[in-house]
Amino acid sequence: MAASGVAAPTRTEVLQLYRSLLRVARQFCDYNIREYTKRRTIDAFRDNKNLADPSQLSAAFSDGKAQLEVAKRQALVYSLYAPKVKSIMDIKPS
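Residues numbered from 1 in each chain as written. Predicted model: local features only at pLDDT ≥ 70, side-chain atom pairs only at ≥ 80, totals over all residues. Heavy atoms only, no water.

A separate point is a nonpolar patch on the surface. Together, Leu76, Val77, Leu80 and Tyr81 line one region of the surface with nonpolar side chains, adding up to about 470 Å² of accessible area. Relative to the assigned elements, leucine 80 resides in helix 3 (residues 54–80). (Patch = residues over 30% accessible without salt bridge, like charges linked within 9 Å, V, L, I, M, F, W, Y side chains within 5 Å. Areas by Shrake-Rupley, 256 points an atom, 1.4 Å probe, with all protein chains shown as cover. Salt bridge = Lys/Arg side-chain N within 4 Å of Asp/Glu carboxyl O. Helix = DSSP H or I, 4+ residues; strand = E, 2+ residues; numbered from the N terminus.)

Okay, here's the thing in structure tokens:
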């Protein structure tokens, strides 16, 4: 624990959050939204890779958890209104 009293998330917790965000991204039915969510997740973790201050780490982790909840809700909403026709990017070549 840091002197400021803010506990930084462990490496395991950060990896769990990363995997959860990518897992939720796979649930989007629309190709563009799915890829955007994956790209945003990867970019955010890459940008915050070198954070060392425990308070910044905790803030980034909390933001990531909030984004995970938003992504879960959005995946549910998008699944309710999913298009009947698949995107050309989702069709597997024969």
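Along an α-helix, a turn takes 3.6 residues, which lines up residues three or four apart on a common side. Here helix 1 (residues 11–26) spans 23 Å end to end across 16 residues, near enough to the 22 Å set by a 1.5 Å rise per residue. Turning to helix 1, its buried residues are Leu17, Leu21, Leu22, Val24 and Ala25. End-on view of helix 1: buried residues confined to an arc of 160°, all on one side of the axis. Seen from the open side of helix 1, the exposed residues pointing more than 90 degrees away from its buried face are Arg11, Thr12 and Arg26. Considering only its buried residues, helix 1 is in contact with helix 2 (31–47) and helix 3. (Expected span 1.5 Å × (residues − 1). Buried < 20%, exposed > 50% of the residue type's maximum accessible area, 1.4 Å probe, protein only. Arc of directions from axis to C-beta. Contact = heavy atoms within 4.5 Å.)

To continue, consider the environment of glutamine 16. Relative to the elements of secondary structure, glutamine 16 occurs in helix 1. C-alpha of glutamine 16 to C-alpha of valine 77: the two residues are 61 residues apart in sequence and 24 Å apart in space.

A few words on the packing of helix 1 against helix 3. Where helix 1 meets helix 3, the closest approach of the two axes is 10 Å, and the angle between their N-to-C directions is 20°. Here helix 1 lies roughly parallel to helix 3, going by the angle between them. Crossing angle aside, the handedness with which helix 1 passes helix 3 is left-handed. Contacts between helix 1 and helix 3 involve Glu13, Val14, Leu17, Ser20, Leu21 and Val24 from the former and Phe61, Gly64, Lys65, Gln67, Leu68, Ala71, Lys72 and Ala75 from the latter. Per-class residue counts for the contact of helix 1 with helix 3 are eight nonpolar, three polar and three charged. (Axes fitted to C-alpha atoms, helices over the stretch in contact; angles between N-to-C directions. Parallel < 35°, antiparallel > 145°, perpendicular 65-115°, else oblique. Left-handed = near helix turned anticlockwise from the far one by under 90°. Nonpolar A, V, L, I, M, F, W, Y, C, P; charged D, E, K, R; others polar.)

On to the layout of surface pockets, then. Considered as a void within the structure, the largest pocket measures approximately 810 Å³ in volume. Around the largest pocket sit 30 residues that line it, and Leu21, Thr41, Ala44, Phe45 and Gly64 are the ones nearest its centre. Elements that contribute at least two residues to the lining of the largest pocket include exactly helix 1, helix 2 and helix 3. For the lining of the largest pocket, the leading source of residues is helix 3, giving ten residues. Broken down by class, the residue content of the lining of the largest pocket amounts to 19 nonpolar, six polar and five charged. (1 Å grid on protein atoms, 1.4 Å probe; cavity = no way out; pocket = protein on both sides within 12 Å on 5 of 7 lines; lining within 4 Å. Points joined across faces, edges and corners; volume = space filled by probe spheres on them.)

What follows concerns helix 2. The end-to-end C-alpha separation of helix 2 is 24 Å, in line with the 24 Å expected for 17 residues at 1.5 Å each. Within the sequence span of helix 2, burial applies to Arg34, Thr37 and Thr41. Looking straight down helix 2, one finds that the buried residues subtend no more than 65° of arc, so they occupy a single side. Turned more than 90 degrees away from the buried face of helix 2 sit Asn32, Arg46 and Asp47, all of them exposed.

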